[in-house]
Amino acid sequence: MKNFLREWGIVIVALLLIGAIRLFVFEPVIVNGHSMDPTLADGQRLVISKVFNPERFDIITVKEPDDPKTTAVKRLIGLPGDTIKYQDDQLYINGKKYSEEYLADFKQKLSDDHLAKEYAYDKYFQQRAETSSTFTNNFETVVPKGKYFVLGDNRLVSKDSRIFGFVAADQIKGEVVLRYFPFDKMGSVK
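Because the structure is predicted, anything quoted here is derived from the model rather than measured.

*Asks:* Mind showing me how you'd approach the packing of aromatic side chains here?
*Replies:* The relative placement of two aromatic rings is captured by the distance of their centres and the angle of their planes. A complete count under the given rule lists 11 aromatic pairs for this structure. Taken together, a centroid distance of 5.7 Å and an interplanar angle of 40° make the contact between phenylalanine 139 and phenylalanine 149 tilted. With phenylalanine 139 in strand β8 (residues 139-142) and phenylalanine 149 in strand β9 (residues 147-151), this residue pair connects regions lying 10 residues apart in the sequence. Both residues of the pair, phenylalanine 139 and phenylalanine 149, count as buried. Here a set of aromatic residues connected by ring pairs shows up, and it is made of Tyr86, Phe139, Phe149 and Phe166. Here arginine 75 stacks its cationic end above the ring of tyrosine 102, 3.6 Å away from the centre of that ring.

*Asks:* Hey, could you run me through the pairing of strand β11 (residues 172-181) in this one?
*Replies:* Direction of pairing for strand β2 (residues 45-49) relative to β11: antiparallel, over a ladder of 5 bridges. Each bridged residue has a counterpart across the sheet, and for valine 47 the counterpart in β11 is leucine 178. Pairing analysis gives 3 bridges linking strand β3 (residues 59-64) to β11, with the strands arranged antiparallel. In the strand pairing of β11, isoleucine 60 is matched with glutamate 175.

*Asks:* What am I meant to see in the side chain of arginine 179 here?
*Replies:* Residue position: arginine 179 is located in strand β11. Of the polar contacts made by the side chain of arginine 179, one reaches the side chain of glutamine 44; its length is 3.0 Å. Discounting chain neighbours no more than four positions away, the residues touching arginine 179 are Thr39, Leu40, Gln44, Arg45, Leu46, Lys185, Met186, Gly187 and Val189.

*Asks:* Is there a simple way to explain a nonpolar patch on the surface in this structure?
*Replies:* A cluster of nonpolar side chains, Met1, Phe4, Leu5, Trp8, Val11, Ile12, Leu15, Leu16 and Ile18, forms an exposed patch at the surface whose accessible area comes to about 960 Å². Mapped onto the secondary structure, leucine 5 falls in helix α1 (residues 2-24).

*Asks:* What is the right way to look at the sheet that holds β3 in this model?
*Replies:* Backbone hydrogen bonds are what pair the strands of a sheet, in a parallel or an antiparallel way. With respect to topology, 7 strands assemble into an open sheet ordered β1-β2-β11-β3-β4-β9-β10, the strand pairing being antiparallel. Lying at the two open borders of the sheet, with one neighbouring strand each, are β1 (26-30) and β10 (167-168). In this sheet, strand β4 (residues 67-78) lies alongside β3 in antiparallel orientation, the contact comprising 6 bridges. Residue pairing in the sheet places isoleucine 60 in a bridge with lysine 74 of β4.

*Asks:* Would you explain the nonpolar core in this entry?
*Replies:* Burial of nonpolar side chains together is a common tendency in soluble globular proteins. In terms of nonpolar packing, the biggest core is built from 20 residues, with Ile77, Ile84, Leu115, Tyr119, Phe135, Phe149 and Leu156 touching the most fellow members. Of all the secondary-structure elements, those providing two or more residues to this core are β5 (83-87), β6 (90-93), α2 (104-113), α3 (123-130) and β9. Beyond its immediate sequence surroundings of up to four residues, leucine 115 is in contact with Phe106, Lys109, Leu110, Phe135 and Leu156. Val31, Leu40, Leu46 and Val176 belong to the second largest nonpolar core, which has 10 residues in total.

*Asks:* Would you take a moment to explain the layout of surface pockets for this structure?
*Replies:* Unoccupied space between atoms shows up once a probe the size of one water molecule is rolled over them. The computed volume of the largest pocket comes to approximately 350 Å³. Lining the largest pocket are 19 residues, and of these Asn32, Gly33, Glu64, Thr71 and Ala72 sit closest to its centre. Tallying contributions element by element places β4 first for the lining of the largest pocket, with 5 residues. Its residues placed into classes, the lining of the largest pocket shows 9 nonpolar, 7 polar and 3 charged. Taken as a whole, the second largest pocket encloses approximately 170 Å³ of empty space.

Parameters at a glance
- Residues numbered from 1 in each chain as written.
- Predicted model: local features only at pLDDT ≥ 70, side-chain atom pairs only at ≥ 80, totals over all residues.
- Heavy atoms only, no water.
- Phe/Tyr/Trp six-rings, centres within 6.5 Å; stacked < 30°, edge-to-face > 60°.
- Helix = DSSP H or I, 4+ residues; strand = E, 2+ residues; numbered from the N terminus.
- Buried < 20%, exposed > 50% of the residue type's maximum accessible area, 1.4 Å probe, protein only.
- Lys NZ or Arg CZ within 6 Å of the ring centre and 35° of its normal.
- Pairing = 2+ DSSP bridges.
- Polar contact = N/O pair within 3.5 Å; in protein donor to acceptor, adjacent residues only side chain to side chain.
- Contact = heavy atoms within 4.5 Å.
- Patch = residues over 30% accessible without salt bridge, like charges linked within 9 Å, V, L, I, M, F, W, Y side chains within 5 Å.
- Areas by Shrake-Rupley, 256 points an atom, 1.4 Å probe, with all protein chains shown as cover.
- Salt bridge = Lys/Arg side-chain N within 4 Å of Asp/Glu carboxyl O.
- Core = buried A, V, L, I, M, F, W, Y, C linked by side-chain atoms within 4.5 Å.
- 1 Å grid on protein atoms, 1.4 Å probe; cavity = no way out; pocket = protein on both sides within 12 Å on 5 of 7 lines; lining within 4 Å.
- Points joined across faces, edges and corners; volume = space filled by probe spheres on them.
- Nonpolar A, V, L, I, M, F, W, Y, C, P; charged D, E, K, R; others polar.

Structure follows, in structure tokens:
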């Protein structure tokens, strides 16, 4: 037994440490779908940190309230108690105007050509873009205590809190901290 522990002890401890880190600290995830375009693309691979404090505009992973088996990557927009309002493609939180620079590219492309190239993969999305005058439809909501409001960056096609409702704290799995694939886009995600 001593020989076994001497030879394999370091390997066993390393595997246990890796398993504990994977279980409690970091987890790899794959982006599935186009709801976070252009910030994150379908098939990209990410690492989330399970140790974090949810902050406005973080990119997070959540269990969808209407389908707990599905994990989605979304942007955290509303914190508990916030009043979220979109009016004419402008975000207001608690009456304060916020800029969303990460949406600028798709907003411009909607204005230019109704995102024809970006939505070439789906005829329904193309039709939706052709009939949309704004990138984010007007709405107003109040986030209940203990809940969060999330949106995908690709507002015309994203399934998010506008569809599946508010997200409870225990449905948030982690914050996206790193994109590791594709290699040419490797780095932190903000």
